[in-house]
Amino acid sequence: MTRKENVDVVWSGTWVAERLGVGLRGDEQLPALLGLALRRNPKRAHLLVSNVLGKHVPQAPSVVYDAGHGLGERVRKLLGDEEAARAVVLGYAETATGLGHSVADGVALAPYLHSTRRPVDGVERAGGFEESHSHATSHLLLPEDPDLLAGEGPLILVDDEFSTGNTVLNTIRDLHERYPRDRYVIVALVDMRAEQDRARLESFATEIGARVDLVSLASGTVSLPEGVLEKGQALVAQYEPPTGEAPQTPEGPAGRVRRVELEWPAGVPDGGRHGFTPEHRDRLDAEAPAMAHRIAQALDLPSATAAVDGASARPRPRILVLGFEELMYAPLRLGTALERIADADVRYSTTTRSPVLAVDDPGYAIRTRLVFPAHDDPADGPGERYAYNVAGGGFDAVVAVVDSVADTPRLHAPDGLLAQLAAHTPHVVLAVVPSYIPNTPHTPGRASMLPEPLRGPAFSSYAADEVGWLLQDLSDAELEAPTEEREEAIQSGGAHYAESLPVEYQPSAEYQQLFKAALDTSAARIARAVGTVTETVLAEVPLRRGRRGTDPHPRPVLVSLARAGTPVGVLMRRWAQHRHGIDLPHYAVSIVRGRGIDANALRWLQQHHDPADVVFVDGWTGKGAITRELAAAVAEFEGFDPEIAVLADPGGCVRTYGTREDFLIPSACLNSTVSGLISRTVLRSDLVGPDDFHGAKFYRELADADVSNHFLDTVAAHFDEVAVAVDAEVKELLAADRAPTWEGWAAVERISEEYGIHDVNLVKPGVGETTRVLLRRVPWKILAKRGAGADLDHVRLLAQHRGVPVEEVDELPYTCVGLIHPQYTRGATGADGKAVTTP
């Protein structure tokens, strides 16, 4: 990319518009404010690239700052000084942290806070929300002052673009429950909502009884032709460099890297992660010129005064001030100060987590891309980071501004950001802003040290937004053993079943065909059960805290019990999105019979969500052992409701269910290949420490046999056709007595005595549990309800393969029951998960 290649002539959205038919309609200034690019995102192909945000496109710092500051002045005029002084400004990570701060400066009288994706020890969480379309969805609110958001004054929400309104609605839902107020102001550079999204916001404002205003630089809509997502993905695949391809760098000597000491004012936060007050701004205003002067000296830049006096004869150097992810405001203020004191063409942009396709064409918004590893020890683990439109930008120097947390060896590594920059510019200056340490009492606790959830595709074959796994990855550990050998080890050493894994069952072609046939037959029935249990949860969660009628859009937090519950949790999340446009947070946690639920996972949930909103999810109930285990486990943690929601409750063990029929749920037919390629969970002291999540394996090598997403898609395809039946069924259920009957437990006790087993833990009732017996254990016999049809085809086939008799019986409350007898096995586990010793 050359510096002057028709940049001002060709609209930077032309390339995408011509190939995909995407267009901008609305105010005439939209093309000047926005360009278009393509991104690697399964939900939205196009990316609106702002020319005045300072994220992807280098821009004069004053242009970026003035855009936000001017919006803030408009908000102050809208509210009046009295209300502006009672307000709080909230910006969104990572893209709008600097914009939100600039808006707060324009409002002038209000403190500022931005959301963050970086957990900080000792800072109590004041809220959080999900951003459904983002590459990284979870936002935290971590104000130093716990009462910052508790006032009744207006809340001013700032984002770079207002496209659907989902993110803002998610935020207001979360915060309005905790800190209700009667006025909100939404600020964005551009308002690109469709008509239905505008109507949805108006309806939402009416329902919560609050006034919601919107302030933007321009408004319009994005026209998207049919099939744009698929076409966009195809273009990305066509133009994206092959995976693992080394970045190309110019030949010749690398530029020089030096460090400049800013002498950042003590006590002034580096940004709004923990709050930033008008007093902080006054101190920064006073010190910014001196810090800019130190940068200018390090670069040997001529002063603006010398240029006015005619003393400078050399060309004006082109300087980029490059911020770092959420650290946007500090480098922006340094950039605006540098503009004023130096005779230089100063530009400003920041690095980002967001993966965007680069195409070197003047009609495309992202011309070049630098790729480098994360260098701030992020909570969600290592990964790629990006700097756009820096290479080929003709910069004589780059000032890289990071906070001290990010000044790590990875930053200075041969493939790190500084080396990448030095390959494209003669001079690189590193300026480090001290990471602000909040003045809050530090409460020691493991939760603050726990990592963020694992997500696909790095862990599991589910999409990243479908589920966050509160587990640790043990994929490299040797944990599997043949069934008989494993049982013997358990018995001989008193070992726990969760300390090892059975060898993953590899289904035959005949069995796989049975799974597909069972799925086709039962998909609509499963969809109906999914809808019923989800609608029941949505109706009941607000009542847990006495919030009847105060929140028209409840947002439960789904927490599935890995792994059988996880496909159900994903389907419930999809139903809520499909029917109501609600993005429910969903996590998977481990629960181990005899040892309870993962305590660290509960601590993480307490830190990131209100426990009263957590709904535990499982696939089905048998006799209710896990239901009782869960109730006992969460009793030690304040705020959690021990009730569990299940797809099928044939045992009559819970109040919240999709059905009480014992029918085939095809996800029970397979193991990891229908559960995101994740193993059963592991709890072993040499692998899982006291501060760790329980573990699990990701069977990447089984990807060719994976049907996890096929199962989900097949069921979800029936959502519309069952919607009417679901609504009628939920209405009846909510009015009915759904108290657990525990009739399944009584039946299990009867069967245990009748067959001379005398141990209910060796009786596995229901289609799902019987399938598990055949896949993982050493079964004795299968009891099948006389006349049971295709629901048991896979059970009969598995029993045949293992030489296990199937006995048809009358008056069986379940479709089938699997029996394990200590006399016939080398080891069987009891209620505590340990071996049952046989005489």
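All chains use their own residue numbering, which begins from 1 and follows the written sequence. Given that this is a predicted model, residues contribute local features only at a pLDDT of at least 70 and side-chain atom pairs are listed and counted only at 80 or more, while totals for whole chains, interfaces and linings are drawn from all residues. Computation of side-chain values: all heavy atoms of the structure, hydrogens and water removed.

(A) Representation of the packing of aromatic side chains within the structure. Ring pairs shown here join Phe, Tyr and Trp side chains whose ring centres sit within 6.5 Å, with only the six-membered ring taken for Trp; geometry is labelled stacked below 30 degrees between planes, edge-to-face above 60, and tilted in between. Tallied over the entire structure, the rule returns 10 aromatic pairs. Plain terms: the ring middles of Phe459 and Trp469 are 6.0 Å apart, the flat faces sit at 80 degrees to each other, and that makes the pair edge-to-face. Separated by 10 residues along the polypeptide, Phe459 in the loop between β17 (427-433) and β18 (468-469) and Trp469 in strand β18 bring together distant segments of the chain. Remark: exposure states derive from per-residue accessible area (1.4 Å probe, protein chains only) relative to the maximum for the residue type, with buried under 20%, exposed over 50%, and partly exposed in between. Given the relative accessible area of 0%, Trp469 is considered buried. Arranged with centres 6.3 Å apart and planes meeting at 5 degrees, the rings of Tyr462 and Trp469 form a pair that is stacked. Both residues of the pair, Tyr462 and Trp469, count as buried. Taken together, the ring pairs connect Phe459, Tyr462, Trp469 and Phe698 into an aromatic cluster. Positioned over the ring face of Trp742 is Arg628, at 4.4 Å from the centre of the ring. Comment: the charge-over-ring label is applied if NZ (Lys) or CZ (Arg) is within 6 Å of the ring centre and within 35 degrees of the ring normal. Between Lys781 and the ring centre of Trp780, over which it is positioned, the NZ or CZ distance is 4.7 Å. Numbering goes from the N terminus for both helices and strands, where a helix is a DSSP run of H or I of at least four residues and a strand is a run of E of at least two.

(B) Geometry of the sheet that holds strand β22 (residues 557-561). In spatial order, the strands read β18-β23-β22-β26-β27-β28; together these 6 strands make up an open sheet with parallel pairing. A single partner strand is all that each edge strand has here, and the edge strands are β18 and β28 (656-659). Following DSSP output, two strands are said to pair if at least two bridges run between them. As judged from the 3 bridges shared by strand β27 (residues 644-648) and β28, these two strands associate in the parallel manner. In the strand pairing of β28, Ala645 is matched with Thr656. Contacts between residues were defined by any pair of non-hydrogen atoms, one from each residue, lying within 4.5 Å. Fitted lines through C-alpha atoms give the axes, limited to the stretch in contact for helices. The angle between two N-to-C directions lies from 0 to 180 degrees. Against the sheet, helix α16 (residues 565-580) makes contact with β18, β22, β23 (586-589), β26 (614-620) and β27, and its axis sits at roughly 120 degrees relative to β26, the strand it touches most.

(C) Main features of the nonpolar core. We call a set of buried Ala, Val, Leu, Ile, Met, Phe, Trp, Tyr and Cys residues a nonpolar core when their side-chain atoms join them within 4.5 Å. Grouped together as the largest cluster of nonpolar side chains are 130 residues, with contacts concentrated most on Ile156 and Leu338. Of all the elements, helix α9 (residues 278-299) adds the most residues to this core, at 8 residues. With residues up to four places along the chain from it excluded, the contact list for Ile156 reads Val75, Leu79, Ala87, Val88, Val89, Leu90, Val107, Val185 and Val187. Grouped together as the second largest cluster of nonpolar side chains are 76 residues, Leu471, Ile526, Leu571 and Leu647 included.

(D) Main features of the packing of helix α15 (residues 509-540) against α16. The N-to-C vectors of α15 and α16 enclose an angle of 75 degrees; their axes lie 9 Å apart at closest approach. Classified by the angle their axes make, α15 and α16 are roughly perpendicular. Mapping the contact onto sequence places Ala527, Val530, Gly531, Val533, Thr534, Glu535, Val537 and Leu538 in α15 and Leu571, Met572, Trp575, Ala576, Arg579 and His580 in α16. Gly counts as polar in this scheme, as do all residues outside two lists: the nonpolar Ala, Val, Leu, Ile, Met, Phe, Trp, Tyr, Cys and Pro, and the charged Asp, Glu, Lys and Arg. Grouping the constituent residues of the contact of α15 with α16 by class yields 9 nonpolar, 3 polar and 2 charged. Angles are sorted into four bins: roughly parallel if under 35 degrees, roughly antiparallel if over 145, roughly perpendicular if 65 to 115, and oblique for all others.

(E) Region of the structure containing α15. With 32 residues, α15 extends 43 Å between its outermost C-alpha atoms, agreeing within 8% with the 46 Å of an ideal straight helix rising 1.5 Å per residue. At Ser522, α15 shows its maximal kink, close to 55 degrees. By this rule the span expected of a helix is its residue count minus one, scaled by 1.5 Å. One axis is fitted to the seven residues ending at the residue and one to the seven starting there. The bend at that residue is the angle between these axes.

(F) Expanded view of unusual backbone geometry. Ala93 connects to Glu94 through a cis peptide bond whose omega is -10 degrees. On the secondary structure map, Glu94 appears in the loop between β4 (88-91) and α5 (97-107). Residue Arg563 is bonded to the preceding Ala562 through a cis peptide linkage, with omega at 5 degrees. Mapped onto the fold, Arg563 is located in the loop between β22 and α16. Despite not being glycine, Ala108 shows a phi value in the positive range, around 75 degrees. Ala108 sits in the buried class, given a relative accessible area of 18%. Non-glycine residue Asn389 carries a positive phi angle of around 60 degrees. Looking at the element boundaries, Asn389 is found in the loop between β15 (384-388) and β16 (397-403).

(G) Looking closely at α16. End to end, α16 covers 22 Å across 16 residues, agreeing with the expected 22 Å (1.5 Å per residue, within 8%). Where burial is concerned, most of α16 is hidden: 12 out of the 16 residues are buried. Looking at α16, one finds that the buried residues are Gly565, Thr566, Pro567, Val568, Gly569, Val570, Leu571, Met572, Arg573, Arg574, Trp575 and Ala576. Immediately beyond the C-terminal end of α16, within one or two residues, lies Gly581, with a positive phi of roughly 70 degrees.

(H) Looking closely at the packing of α15 against helix α19 (residues 708-716). Where α15 contacts α19, the axes come no closer than 8 Å and their chain directions differ by 60 degrees. It follows from the interaxial angle that α15 and α19 lie oblique. In this structure, α15 meets α19 at a crossing whose hand is right-handed. Contact with α15, carried on its side by Leu519, Ala523, Ile526 and Ala527, involves His710, Phe711, Thr714 and Val715 of α19 and no other residues of that element. Taken together, the residues that form the contact of α15 with α19 break down as 6 nonpolar, 2 polar and no charged. Each helix crossing is assigned a hand: it is left-handed if the near helix lies turned anticlockwise from the far helix by less than a right angle, otherwise right-handed if that turn is clockwise.

(I) Seen up close, the sheet that holds strand β13 (residues 345-351). With parallel pairing, 5 strands are arranged side by side in an open sheet as β11-β17-β16-β12-β13. The open sheet has two free edges, formed respectively by β11 (256-260) and β13, since each of these has just one partner strand. Pairs of neighbouring strands in the sheet enclose a mean axial angle of 25 degrees, with direction left out of account. Direction of pairing for β16 relative to β17: parallel, over a ladder of 7 bridges.

Purely geometric stuff here, so don't read any function into it on its own.
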